[in-house]
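Summary of structural features
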Amino acid sequence: MTRTAPEVVSPDDGFTVPELAIRGVTVRFAGLVALDSVSFTVAPGSIHAVIGPNGAGKSTCFNVLSGVYKATRGTVHMGGDELTRLPPHRIAQLGLARTFQNIVLTHGTVADNLMLGRHVLTRAGFAATALHLPGAVREQRRHRERAREIAEFLDLGAVFDAPVTLLPYGVRKRVEMARALCMEPKILLLDEPVAGMNTAERVRTADAIAAVRDNLGISIVLVEHDMGMIMRLADEVTVLDFGRRIVSGPPEEVRNNPEVIRAYLGTGEDTPVDASVLGGFPAAPSQTAGGTRHAQRENEERQQ
Amino acid sequence: MTKFSEIALNGLALGSVYALIALGFVVIFKASGVMNFAHGSLLLLGGFVIAELHDELGFGGAVLVGVVVTAAGAGLMELLFIRGLGTVELHVLTILTIGIDILLTTELVRRIGSDTMSLGDPWGNDSVRIGDAYVAEARIASIVVATILIGFFFAAFRYTAWGLSMRAASEDREAAALMGVSMKRIQLVAWCIAGALAAVAAVFLTAAPTSGLDRTTGQIALKAFPAAVLGGMDSAPGALVGALMIGLAEALAAGYQSELDVLGGGVSGIAPYIVMILILLWRPTGLLGSKELSRV
Amino acid sequence: MSETPVATAAPKERKAPADSGGRSAHTALRTTLRWNKLAGLVAVLVLAALPFYLTEFWLITGLFAMAAVLGAIGLNILSGNAGQLSLGHAFFLAVGAYSYIVLSGESGVIGTHETDGFGLPPLLAMAGAVVVAGLFGGVFSPIAGRLRGMYLGIATLALVFIGEHVMTNAHNITGGHNGRPAEPMSIFGFSFSDGDPDLAVLGVEFDRYERLWYFGLVLVVGGILVARNLLRGRPGRALGAVRDSEIAAGVMGVPVARFRSMAFVVSSMYAGLAGALLALVYGTLVPGSFGLQMSIDYLAMIVIGGLGSVGGAVAGAIFVTVLPQLFSHYAASLPLVVEAGGDGIGPTEAARYLYGAVIILVLVFAPGGLAGIARRWSLALRSAKRPSSPSGKTPPQGAVS
């Protein structure tokens, strides 16, 4: 899998993926500083992971990007457009889509949810819909076809007309992602897309994310805890801790960065620690076979 | 000046009675998360029982029985419908209370018919002179009794185990339950207290200078809704403040009706609602209500 | 554990068995829709035939039910689909009713009161009433936008009381305590009243209520179709998203404030239409008809019918309107019930008991209302009829892990 960020996708009906620039963003809630002057850039068409221990501010970051929270200071730019003061629906119209950690799906079928994702791309208003005007009917049909295509892209064709409440967790997560894709965004924010999934589902989701990047050329920002998946997928990684950015860079560099390791383990030691402590996902063969430090300690305890 | 002090005292008296109703309302909301639209029928129940029994048992005895019966009635409501349904959405429970209200009110109204019943209160039509103002004794009594009861209530809220559990539960039900708070007992006690307060309120709502208990008495409880809402649905002090504001607004509107004629006759009836809307425009969750924080 | 990205060519054979679940859900959906259309057509035909058989009492009841259906559909869109609890529906009905009266009525003097009127043709006045009610809804919606949940509910309650107060006092509009008559409907000279022209169809005299019946029927069918279109289309989805999670809706690109506002406008337009129809049916409106009781009735209608469902709103509206009339008409033959005014349970009380009891029972045993019950039946029927799928042995390859 290629690690270098691909070139900006050549204009195809005017669809250029812009750079997402976060500059000095600070978010304060009643005395608590959730984000402290965070800056990083998401190159167009790349997969950018945001990682960090719990409470580091990753979801807060997503909420600022999508307009759910207002930044106390700093700016967010998507290409030439400034997102910082915009309400969420304006940001969505500009081409930024996101999924949620705790799935927020509306009632109805998968198709209904995906069609909701088409809201920004459709225009039928109250009057046109109420009167069943042919333009509105045609638009609905056209977009439903497109939604079905996207559903099949993520292997949801079989459940397209099934009620979401009946579907298992893993499938609903995929519907959530499909719905975000239905917005045909230029930048996609995925908030812990594999949380709660088993290994097979994780692999499939990782493949889907890679396929999205490869086929659509859009930027993807990923919040995840699964290190192995991040190592495999991400072109660049930003690490947050206590609301501050520690480092940004390619996954290999970040993985071996002592500050990052310290942030996760909280050790004061300078001893280089095996980076496989950030394990989880089936490791690439190049990693040490010594097992994790945690596992080593367990072994010791068992032998006693 | 005399007129103003009379109006102010009347407003205070009215507010104190509304406070009894509004507090019960808020207590139920904090304990069960439900807006109790059956509160009016509880009030009517309490008043009716006292009206029927005061000849035999005397005023004091009747009030005692009335309070107990209403508290029991409220507790029964909680047991059968609110708790009995398990986990149901709160707005469904709220509409359920409308159904309960219809049942109970219809039955009570049928028995009351077109009569106006007296509750046999000892103050009758006597007035008392305070400075230059003449105030009905009953009104003074309502202020005194309400203050005492509200004082007890807040003390209980603050210092008893029940009060602590209530406050904990209304902040975070799950955490409270994990900490061993018995939700069942808290809710039952809350409803019973609300019922008892409503019965006492009925006494003062039907004392002088009103003519007594009639079929429309239950609707007065509706005026306490805005009191609870503008103070903040989950705030007991808010209910108190709200009730006083509403009582004063109503008394002022009634007292200065002639000056307010341009707004139409009977403005005092809608004064509570106008005040409430104005406050809600300024503070969408009431004066002292907690703002909702959503975590995504 | 496949290494190939999901997007690249999934073999056709892999798709087929996995699709059978979705396909059958799809065809089941289409069959249901076809049945619904058929049922709707039959219902309309039956309703069109009724004026030939019904007495005046039942015609009036039916007309009340039609107005209730229109109002309930509107409230359902607001509270069921957009999730905004409103106890103020009666207010918007009043606005519609009095707007019709003022727009179609003449200026002049009734008794000792002056009255205002614009003298517009009745059909235009009715359209105007709908627009005015919608405007009021639009004006109130920013207030509604700031409030949530129970706060919104009680604020709308305030609307009802304040509205009643204004109506009692605005003699120029409402004609004071004696009320004010409403201009009968007339379309291109054909008057919907007793005569003008005299009309008899198949030997049956077609007077005011018979004529209004068809007028009402057209309004109701139109109202149902419009609501269905809205809820099945883009606006309906957006409203549902706003109800379920305003944050998620915003992030999907739905301008939340605007849609909450539109929900109020649409809902009040329906209420306005219902109010205007009521004015036509009553003939004369006295103040006091549009109070808290009516608001609660509408809430009960959509709850009993099933929140979020147009068909449910229709069913609930018919139920709540017709029930008390049934009781009062057949009071004599019901056990336990005595004539009005007698000792014991009169017909109005009996109707109220049943009303309260039904609200409780529905919420306890069928929180989805009549629509929910209907849905469960149709699901049960469908799964009983459908044969097991032929490829049922091995789990389809594309299946969820």
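Only a predicted model underlies this, so the values are computations on that prediction, with no experimental measurement involved. Think of each chain on its own: its residues are numbered from 1, step by step along the sequence as written. Starting at A for chains and at 1 for ligands, labels are handed out in the order in which the entities are written. Local features are withheld for residues below a pLDDT of 70 in this predicted model, meaning they are given only at 70 or higher, and side-chain atom pairs are given and counted only at 80 or more; totals for whole chains, interfaces and linings count all residues. Where side-chain values are given, they derive from all heavy atoms of the structure, hydrogens and water being excluded.

Time to look at the sheet that holds strand β8 (residues 219-223) of chain A. Residue and element names in this part refer to chain A. Any two strands with at least two DSSP bridges between them are considered paired. Secondary structure elements are taken from DSSP: a helix is a run of H or I of four residues or more, a strand is a run of E of two residues or more, and numbering for both begins at the N terminus. The strand order across the open sheet formed by six strands is β6-β7-β8-β3-β9-β10, and the pairing between neighbours is mixed. Two strands in the sheet have a free side with no partner beyond their single neighbour: β6 (96-98) and β10 (244-249). In this sheet, adjacent strand axes meet at a mean angle of 15° when their direction is disregarded. On the sheet, helix α1 (residues 58-65) packs against β3 (47-51), β6, β7 (187-191), β8 and β9 (236-241) and is oriented at approximately 150° with respect to β7. Against the sheet, helix α6 (residues 169-182) contacts β6 and β7, and its axis sits at roughly 160° relative to β7. Axis geometry follows a simple rule: fit a line to the C-alpha atoms, using only the stretch in contact for helices, then measure angles between N-to-C directions, giving values from 0 to 180 degrees. Working rule for contacts: check all heavy atoms of both residues, and any pair within 4.5 Å makes them a contact.

As a further point, take the nonpolar core. Among the buried residues, those of types Ala, Val, Leu, Ile, Met, Phe, Trp, Tyr and Cys that are joined through side-chain atoms within 4.5 Å form a nonpolar core. Throughout, exposure labels follow a simple rule: accessible area from a 1.4 Å probe, protein chains only, divided by the maximum for the residue type, with under 20% read as buried, over 50% as exposed, and the rest as partly exposed. The biggest cluster of nonpolar side chains holds 259 residues, and the ones touching the most others in it are Y100, M126 and F290 of chain C. The element that contributes the greatest number of residues to this core is helix α2 (residues 39-83) of chain B, accounting for 17 residues. Excluding its chain neighbours within four sequence positions, the residues that come into contact with M126 of chain C are Y100, M185, F215, L219, L273, A276, L277 and L280 of chain C. One finds V25, A71, L83 and V221 of chain A within the second-largest nonpolar core, a separate group that totals 27 residues.

The partner chain B presents 41 residues to the 32 residues of chain C that form the contact. The term buried area refers to how much accessible surface (probe radius 1.4 Å) is lost by two components on association, counted for both of them together. Both faces combined, the contact of chain C with chain B buries some 3,400 Å², and carbon together with sulfur accounts for 81% of it. By definition, a salt bridge exists where a carboxyl oxygen of Asp or Glu is found within 4 Å of a side-chain nitrogen of Lys or Arg. Between chain C and chain B we count zero salt bridges in total. The term polar contact refers here to a pair of N or O atoms within 3.5 Å; inside protein, the definition further demands a hydrogen-donor-capable atom paired with an acceptor-capable atom, and it admits residues adjacent in sequence only when both atoms are side-chain atoms. Inspection of the chain C/chain B interface yields five residue pairs in polar contact (both at pLDDT 80 or more). Of all elements in the fold, only α4 (122-146), α5 (149-169), α11 (292-305) and α13 (347-365) of chain C reach the threshold of two or more residues within the side of chain C that touches chain B. Three categories are distinguished: nonpolar for Ala, Val, Leu, Ile, Met, Phe, Trp, Tyr, Cys and Pro, charged for Asp, Glu, Lys and Arg, and polar for the others, with Gly belonging to the last. Residues that form the side of chain C that touches chain B fall into these classes: 25 nonpolar, four polar and three charged.

Time to look at the environment of G176 of chain C. All names here are of chain C. Position of G176 relative to the elements: it lies in the loop between α6 (171-174) and β3 (180-181). Given a relative accessible area of 1%, G176 falls into the buried group. In this structure, the C-alpha to C-alpha distance between G176 and T115, residues 61 residues apart in sequence, is 9.5 Å.

Along an α-helix, residues three or four apart share an orientation, since each turn contains 3.6 residues. Residues and elements named next belong to chain C. Here the expected span of a helix is defined as 1.5 Å times the quantity of residues minus one. Between the first and last C-alpha of helix α12 (residues 310-329) there are 29 Å, a value that for 20 residues agrees with the 28 Å anticipated at 1.5 Å per step. The largest bend in α12 is about 30°, located at V322, with the proline P324 one to four residues further on. Within α12 the residues assigned to the buried category are V310, G312, A313, V314, G316, A317, V320, T321, L323 and F327. In this scheme, the bend at a residue equals the angle between the axes fitted to the seven residues that finish there and the seven that begin there.

The description of an aromatic ring pair uses the distance of the two centres, along with the angle that the planes make with each other. Classification of ring pairs uses Phe, Tyr and Trp, with its six-membered ring standing for Trp, and accepts pairs whose centres are within 6.5 Å; under 30 degrees between planes counts as stacked, over 60 as edge-to-face, and the remaining range as tilted. A full pass over the atoms with the stated rule returns 15 aromatic pairs over all chains. Three or more aromatic residues joined by ring pairs make a cluster, and in this case those are F91, F92, F136, F140 and F264 of chain C. Against the face of W282 of chain B rests R283 of chain B, its NZ or CZ located 4.7 Å from the ring centre. By the criterion adopted, a ring carries a charge over it if an Arg CZ or a Lys NZ lies within 6 Å of its centre and within 35 degrees of its normal.

Our next topic: the confidence of the model for chain B. In low-pLDDT regions, the fine details of the predicted coordinates are not to be read closely. Residues and elements named next belong to chain B. One number per residue, pLDDT, summarises how confident the predictor is, and it ranges from 0 to 100. The share of residues in chain B with pLDDT of 70 or more is 94%, and the mean pLDDT across the chain is 84. No element of chain B has a lower mean pLDDT than helix α6 (residues 173-178), at 72, and none a higher one than helix α9 (residues 236-255), at 90. For this predicted complex, the interface score ipTM comes out at 0.85, alongside a pTM of 0.83.

Residues and elements named next belong to chain C. Where helix α3 (residues 89-104) contacts α4, the two axes come as close as 8 Å, and the packing angle between them is 145°. In terms of crossing hand, the pair formed by α3 and α4 is right-handed. The segment α3 lies against α4, with F91, F92, V95, G96, S99, Y100, L103 and S104 engaging P122, A125, M126, G128, A129, V132, A133, F136 and G137. Here the contact of α3 with α4 is built from residues that sort into 12 nonpolar, five polar and no charged. Take the far helix as the reference: if the near one is turned anticlockwise from it by less than a right angle, the crossing is left-handed, and if turned clockwise, right-handed.

Residues and elements named next belong to chain A. If you trace the four strands from one edge of the open sheet to the other, you get β2-β1-β4-β5, paired in antiparallel fashion. Where the open sheet ends on each side, the last strands, each with one partner, are β2 (32-42) and β5 (81-82). Strand direction decides the pairing type here: strand β1 (residues 20-29) and strand β4 (residues 73-78), joined by five bridges, are antiparallel. When the sheet's bridge partners are listed, I22 is paired in β4 with V76.

Moving on, we get to the environment of I150 of chain A. Inspection of the secondary structure assignment puts I150 of chain A in helix α5 (residues 134-153). With residues up to four places along the chain from it excluded, the contact list for I150 of chain A reads R118, A178, L181, C182 and E184 of chain A.

Right, let's talk about the side chain of T205 of chain A for a bit. All names here are of chain A. Locating T205 in the fold gives a position in helix α7 (residues 199-216). Judged by its relative accessible area of 5%, T205 falls in the buried class. Once residues within four sequence positions are removed from consideration, T205 is found in contact with M177, P193, V194 and M197.

Within the secondary structure, M150 of chain C sits in helix α5. Residue class for M150 of chain C comes out buried when judged on its relative accessible area of 15%. Between the alpha carbons of M150 of chain C and G272 of chain C there is a distance of 24 Å; along the sequence they are 122 residues apart. Not counting residues up to four positions away in its chain, the partners in contact with M150 of chain C are M35 and T94 of chain B together with L85 of chain C.

Residue and element names in this part refer to chain B. At their nearest, the axes of helix α4 (residues 137-159) and helix α7 (residues 183-205) sit 10 Å apart, and the two run at 170° to each other. For the element pair α4 / α7, the angle class is roughly antiparallel. Crossing hand, α4 versus α7: left-handed. On α7, the residues that touch A138, A141, S142, V145, L149 and F153 of α4 are I193, L197, V200 and F204. In terms of residue class, the contact of α4 with α7 is built from nine nonpolar, one polar and no charged. Angle categories are assigned with fixed cut-offs, so that under 35 degrees is roughly parallel, over 145 is roughly antiparallel, 65 to 115 is roughly perpendicular, and the rest are oblique.

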